[in-house]
Amino acid sequence: GAGVSQSPRYKVAKRGQDVALRCDPISGHVSLFWYQQALGQGPEFLTYFQNEAQLDKSGLPSDRFFAERPEGSVSTLKIQRTQQEDSAVYLCASSVLRGLYEQYFGPGTRLTVT
Amino acid sequence: SQQGEEDPQALSIQEGENATMNCSYKTSINNLQWYRQNSGRGLVHLILIRSNEREKHSGRLRVTLDTSKKSSSLLITASRAADTASYFCARHGNKLVFGAGTILRVKS
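Source: prediction; values computed, not measured.

## Focus on the overall build of chain A
Turning to step 1, where the next piece is worked out: Scanning chain A from terminus to terminus reveals zero helices and 11 strands.
Turning to step 2, where the next piece is worked out: Helices (α) and strands (β) of chain A occur, in sequence order from the N terminus, as β-β-β-β-β-β-β-β-β-β-β.
Turning to step 3, where the next piece is worked out: Taking 2.2 N^0.38 as the reference for a compact globule, 114 residues should give roughly 13 Å; the C-alpha atoms of chain A span a radius of gyration of 13 Å, in line with that estimate.
Turning to step 4, where the next piece is worked out: In terms of overall dimensions, chain A has a C-alpha envelope of 35 × 25 × 25 Å along the principal axes.
Turning to step 5, where the next piece is worked out: A buried classification covers 46% of the 114 residues belonging to chain A.
Turning to step 6, where the next piece is worked out: Roughly 5700 Å² of accessible area belongs to chain A as shown, and the carbon and sulfur atoms make up 48% of that amount.

What follows is the structure in structure tokens.
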């Protein structure tokens, strides 16, 4: 496909479980971003990759959140020991170059922690 | 925390009317971007205006930027029911920071 894809689209986890969310960016896009969007709010920045390098992880809310992009393409956001406050939509976006350009967003993964 | 503020929070208009949404921010920017989000197509980029630009057009969209007032506005002319969505401004300093959005409802 031509767009950003994310999987799974929906994830229900019991509190304390670990989850892994996957993002496939647009082919050739250097920059990849993860955002967290709570209900009724705008997306909030979590972390940014340029190729395989994680250049900014200032938005990750705790050390339970970890992201990687080992080959500079697919990225995974992992949340360990999920808590109810982690329930949100997690959006992935990619951009041609470093982020001074428009970003293309995936459909998101809706995470519900029960 | 989000540093962009959209105004109004919600807007309801009749099809064919114009819709204006405003955005304010607090720190310097490289550019400001507007996005639309609805359940059907997710978050979609609409328009990007650079800090040295004052106005930009794209189809029925017109964006203005006033860096002295740290504000921007998005005008949608001749609105359609399909324009019903949430609209977000996002300021780009060293990363993209979104506001809380304006919910636009266009009634047919």
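## Concerning the overall build of chain B
Turning to step 1, where the next piece is worked out: A tally of helices and strands in chain B yields zero helices and 11 strands.
Turning to step 2, where the next piece is worked out: Mapped in sequence order, the helices and strands of chain B form the string β-β-β-β-β-β-β-β-β-β-β.
Turning to step 3, where the next piece is worked out: Here the C-alpha atoms of chain B give a radius of gyration of 13 Å, agreeing with the 13 Å that 2.2 N^0.38 yields for 108 residues.
Turning to step 4, where the next piece is worked out: By principal-axis analysis of the C-alpha atoms, chain B measures approximately 40 × 25 × 20 Å.
Turning to step 5, where the next piece is worked out: Evaluated residue by residue, chain B yields a buried proportion of 47% over its 108 residues.
Turning to step 6, where the next piece is worked out: Restricting the contact set of chain B to residue pairs at least 6 apart, pairs at least 24 apart contribute 54%.
Turning to step 7, where the next piece is worked out: Carbon and sulfur atoms make up 43% of the accessible area of chain B, which amounts to about 5200 Å² in all.

## Considerations on the nonpolar core
Turning to step 1, where the next piece is worked out: In this structure, Leu 32, Trp 34, Leu 74, Ile 76, Tyr 87 and Leu 104 of chain B are the most contacted members of the largest nonpolar core, which totals 21 residues.
Turning to step 2, where the next piece is worked out: Residues in contact with Leu 32 of chain B, not counting those within four places in the same chain, are Cys 23, Tyr 25, Ile 47, Leu 48, Ile 49, Leu 65, Ser 72, Cys 89, Ala 90 and Arg 91 of chain B.
Turning to step 3, where the next piece is worked out: Counting 20 residues, the second largest nonpolar core, distinct from the first, contains Ile 26, Ala 67, Cys 92 and Val 113 of chain A.

## A closer look at a nonpolar patch on the surface
Turning to step 1, where the next piece is worked out: Nonpolar side chains collect at one region of the surface, where Val 96, Leu 97 and Tyr 101 of chain A lie side by side and expose about 260 Å² of accessible area between them.
Turning to step 2, where the next piece is worked out: Tracing the chain through its elements places Tyr 101 of chain A in the loop between β9 (88-95) and β10 (104-105).

## With respect to unusual backbone geometry
Turning to step 1, where the next piece is worked out: Between Ser 7 of chain A and the following residue, Pro 8 of chain A, the backbone shows a cis peptide bond with an omega angle of -10 degrees.
Turning to step 2, where the next piece is worked out: Mapped onto the secondary structure, Pro 8 of chain A falls in the loop between β1 (5-7) and β2 (10-13).
Turning to step 3, where the next piece is worked out: Cis geometry marks the peptide bond from Asp 7 of chain B to Pro 8 of chain B; its omega dihedral reads 0 degrees.
Turning to step 4, where the next piece is worked out: Tracing the sequence through the fold places Pro 8 of chain B in the loop between β1 (5-7) and β2 (10-14).
Turning to step 5, where the next piece is worked out: Of note in the backbone geometry, Asn 51 of chain A takes a positive phi value of approximately 55 degrees without being a glycine.
Turning to step 6, where the next piece is worked out: Within the secondary structure, Asn 51 of chain A sits in the loop between β5 (44-50) and β6 (53-56).
Turning to step 7, where the next piece is worked out: Among the residues examined, Asn 51 of chain A registers a relative accessible area of 35% and is labelled partly exposed.
Turning to step 8, where the next piece is worked out: The backbone of Lys 70 of chain B shows a phi angle near 50 degrees, a positive value even though the residue is not glycine.
Turning to step 9, where the next piece is worked out: Assessed through its relative accessible area of 29%, Lys 70 of chain B is described here as partly exposed.

## Here we look at the pattern of salt bridges
All names here are of chain B.
Turning to step 1, where the next piece is worked out: In total, this model carries seven salt bridges over all chains according to the counting rule given.
Turning to step 2, where the next piece is worked out: Among the salt bridges present, the one from Asp 83 reaches Arg 60, with a minimum N-O distance of 2.9 Å. Taken together, the residues Asp 83 in the loop between β8 (71-76) and β9 (85-92) and Arg 60 in the loop between β6 (55-58) and β7 (61-66) connect sequence positions 23 residues apart.
Turning to step 3, where the next piece is worked out: Taking relative accessible area as the criterion, Arg 60 reaches 23% and is therefore assigned partly exposed.

## Observations regarding the state of the cysteines
Linking two cysteines covalently through their sulfur atoms gives a disulfide.
Residues and elements named next belong to chain B.
Turning to step 1, where the next piece is worked out: Counted under the stated rule, the structure contains two disulfides over all chains.
Turning to step 2, where the next piece is worked out: Sulfur-sulfur distance for the disulfide between Cys 23 and Cys 89 comes to 1.9 Å. Handedness here is read from the sign of the S-S torsion; for Cys 23 and Cys 89, about 65 degrees, the answer is right-handed. Here Cys 89 lies in strand β9 and Cys 23 lies in strand β3 (residues 19-24), a separation of 66 residues in the sequence. One exposure class covers both Cys 23 and Cys 89, and it is buried.

Calculation rules
Once a new chain begins, its residue numbering starts again from 1 and follows that chain's sequence as written. Written order decides the labels, with chains lettered from A and ligands numbered from 1. With pLDDT at 70 or above as the cut-off, local features in this predicted model cover only qualifying residues; side-chain atom pairs require 80 or more to be listed or tallied, and sums for whole chains, interfaces and linings still use all residues. Calculated side-chain values reflect all of the structure's heavy atoms, with hydrogen atoms and water omitted. Helix and strand assignments come from DSSP, with helices taken as H or I runs of at least 4 residues and strands as E runs of at least 2, each series counted from the N terminus. This radius of gyration counts C-alpha atoms alone. The globule rule is 2.2 Å times how many residues there are, raised to the power 0.38. Exposure is judged per residue with a 1.4 Å probe applied to protein chains only, and the accessible area is read against the type maximum: over 50% gives exposed, under 20% gives buried, and values in between give partly exposed. Throughout, the Shrake-Rupley method with a 1.4 Å probe supplies accessible areas, and for residues the shown protein chains are the sole cover considered. Throughout, a contact is declared for two residues whenever any of their heavy atoms are within 4.5 Å. For our purposes a nonpolar core is just a set of buried Ala, Val, Leu, Ile, Met, Phe, Trp, Tyr and Cys residues, chained together by side-chain atoms within 4.5 Å. For patch building, the residue pool is restricted to those with more than 30% relative accessible area and no salt bridge; the joining distance is 9 Å between like charges and 5 Å between nonpolar side chains (Val, Leu, Ile, Met, Phe, Trp, Tyr). We count a salt bridge whenever a side-chain nitrogen from Lys or Arg sits within 4 Å of a carboxyl oxygen from Asp or Glu. Count a disulfide wherever a pair of cysteine sulfur atoms falls within 2.5 Å.

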